[in-house]
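What follows is each chain in one-letter form.
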Amino acid sequence: VAVTHCGADLDQQISQAIPQIDVIIGGHSHTRLDKALFVEHDDSSKTIIVQTGSYGRTLGRLDVAFNKDGSLDVADTKYRLINITDKIQEHPE
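Residues numbered from 1 in each chain as written. Predicted model: local features only at pLDDT ≥ 70, side-chain atom pairs only at ≥ 80, totals over all residues. Heavy atoms only, no water.

**Considerations on the nonpolar core**
I24, A36, I48, I49, V50 and Y79 are the most contacted members of the largest nonpolar core, which totals 13 residues. Looking at this core, the elements that each hand over two or more residues are β2 (23-25), β4 (46-50) and β6 (78-83). Among the elements that make up this core, the one with the highest residue count is β4 (three residues). Other than its neighbours up to four places away in sequence, I48 contacts D22, V23, I24, A36, L37, F38, L62, L72 and T77. (Core = buried A, V, L, I, M, F, W, Y, C linked by side-chain atoms within 4.5 Å. Buried < 20%, exposed > 50% of the residue type's maximum accessible area, 1.4 Å probe, protein only. Helix = DSSP H or I, 4+ residues; strand = E, 2+ residues; numbered from the N terminus. Contact = heavy atoms within 4.5 Å.)

Shown next, in the form of C-alpha cells:
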C-alpha cells in the first residue's frame, strides 16, 4: 500500500512502474474519484488507485480483498465515498 501526495496522473505512472504496489491512496491533485481506478499489469495483476477530492468534503472507505495467492481480488474489493455534510455531527470532544 502506498500513500502518495503527487497527483492522480503520477499515481498511475507509479502503479505502472512498480506493479508490486496493490493499492495507492493518493492526494495533491484534488481529484475526486467516485470509482476507483484499476491499472492492469503485464502479468494480469492490478493496482487500485483511490482519491477523495479536496477540503475534507468526502471520506473514502476502501475494503481491500486479496486472493489466496496474495494478489488483489478486484471483485471483492470495495470503494465508496461518503459525503461530509452538516448531518454528520462533530464529536463534542
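Read on for the rest.
**Describing the sheet that holds β4**
The four strands are arranged β1-β2-β4-β3 in an open sheet whose pairing can be described as mixed. Sheet topology places β1 (2-3) and β3 (37-40) at the edges, where each strand pairs with a single neighbour. Across four bridges, β3 lies against β4 in antiparallel orientation. The partner of E40 across the bridge, within β4, is K46. (Pairing = 2+ DSSP bridges.)

**As for the pattern of salt bridges**
Tallied over the entire structure, the rule returns two salt bridges. With a closest N to O distance of 2.6 Å, R32 and D34 form a salt bridge. Measuring nitrogen to oxygen at the nearest pair gives 3.1 Å for the salt bridge that ties R61 to D63. Overall, the relative accessible area of 42% leaves R61 in the partly exposed class. (Salt bridge = Lys/Arg side-chain N within 4 Å of Asp/Glu carboxyl O.)

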